[in-house]
Amino acid sequence: MTSHVGVSARSDIGAVRHVNEDGFLAEDPVYVVADGMGGHARGDLASQTAVASLARTLQPGTRPTPDEVIAAIDEANAAVRALSGVDESGPAVAGTTLAGVVRVRVPERAAEQWMVVNVGDSRVYAWDGTTLSQLTVDHSAVQELVDAGLITEAQAAVHPERNIITRALGAEDFVDTDTELLPDEGRRVFVICSDGLTRELSDSRIAAILAAQPDDPAGALVEAAVEAGGHDNVTVLVIAADEADATTVIS
């Protein structure tokens with residue numbers, strides 16, 4: 001199945017930061033957000049390096065296999081890893097999150113599908129016009145506490161360690177990428193974002209903005225996050241796929 005894909009994309013430095021450490025790629029077949037590790041060395045370069053690596057290995061208009069996507073992420077991890085010196089560790093390591101969707105071909109199923117990928121605490125949501133569903137699981141210290149039943153989601157939102165992530169591109173020689181395959185059929189809307197959005201807006205607020213059907217949904221979400229405080233960089237992609245044969249840009 002071939003889909004027409006509309007893309008709404010926006011990135012903002014926010015109201016507090018002096019550098020935008022977010023990066024994104026929104027060119028068929030790759031739609032991803034990368035959030036450079038704030039407070040770490042070369043966070044902006046890390047996200048840019050990851051995005052540039054994926055753009056080289058997953059060429060526009062192609063349909064990679066899931067294995068080829070994983071190999072491309074491994075290559076991006078190596079590129080980000082190379083930004084750090086051999087003796088650097090901890091906060092000195094350049095790193096970035098990576099979350100998004102890739103249009104892939106699955107030979108054994110003779111079909112195209114959407115491949116959801118995630119490393120870190122940037123997120124991918126599905127939006128069906130009524131319900132916002134988180135497709136990814138945060139790789140973060142507070143998410144581990146939530147999963148263990150030690151704190152609630154509400155407590156996680158204000159926890160002092162909510163900025164600590166447990167996986168990132170560039171942090172280790174090998175990266176463990178979460179993946180999920182979804183059929184490429186009917187209408188699908190994905191919201192891909194850095195945590196600068198989800199730190200400022202609840203899922204219910206994000207859903208309310210999407211339900212209002214703004215012409216530029218990514219822009220509307222980013223503007224709302226900045227108005228709510230904008231304590232971090234904010235990057236959002238809204239990907240709307242329908243059965244057709246072309247790609248257009250919403251904004």
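One can find the structure itself at the top, above this paragraph.
What you see is a predicted model, and the numbers here were worked out from it, not measured in a lab. Numbers given for residues are sequential positions, taken from 1 along each chain in its written order. This being a predicted model, a pLDDT of at least 70 is required before a residue's local features are given, and a value of 80 or more before pairs of side-chain atoms are given or counted; all residues contribute to the totals for chains, interfaces and linings. Only hydrogens and water are removed before side-chain values are computed, so all heavy atoms of the structure are retained for them.

Draft legend 1. Here's a closer look at the packing of aromatic side chains. Side-chain rings of Phe, Tyr and Trp, where Trp is taken by its six-membered ring, are said to pair if the distance between their centres is within 6.5 Å; with planes under 30 degrees apart they count as stacked, over 60 as edge-to-face, and otherwise as tilted. Overall, the coordinates contain two aromatic pairs when judged by the stated rule. Aromatic side chains tyrosine 31 and tryptophan 114 sit 6.1 Å apart centroid to centroid with 50° between the ring planes, which places their arrangement in the tilted category. Taken together, the residues tyrosine 31 in strand 3 (residues 30-35) and tryptophan 114 in strand 5 (residues 111-119) connect sequence positions 83 residues apart. By relative accessible area, tyrosine 31 is classed as buried at 0%. The helix count covers DSSP runs of H or I at least four residues long, the strand count covers runs of E at least two residues long, and both are numbered beginning at the N terminus. When a residue's accessible area, from a 1.4 Å probe over protein chains only, is under 20% of the maximum for its type it is buried; when over 50% it is exposed; and in between it is partly exposed.

Draft legend 2. Geometry of the environment of threonine 96. Note that threonine 96 resides in the loop between helix 2 (66-81) and strand 4 (98-106). Between the C-alpha atoms of threonine 96 and glycine 23, which are 73 residues apart in sequence, the distance is 9.5 Å. Excluding anything up to four places from it in sequence, threonine 96 contacts Ala34, Asp35, Gly36, Met37, Ala46, Ser47, Ala50, Val80, Ala168 and Leu169. Nitrogen and oxygen atoms within 3.5 Å of one another constitute a polar contact, given that in protein one can donate a hydrogen and the other can accept it, and given that sequence-neighbouring residues count only through two side-chain atoms. Within the structure, the side chain of threonine 96 is placed 3.3 Å from the backbone oxygen of aspartate 35, a separation counted as a polar contact. By the convention used here, residues are in contact when the closest approach between their heavy atoms is within 4.5 Å.

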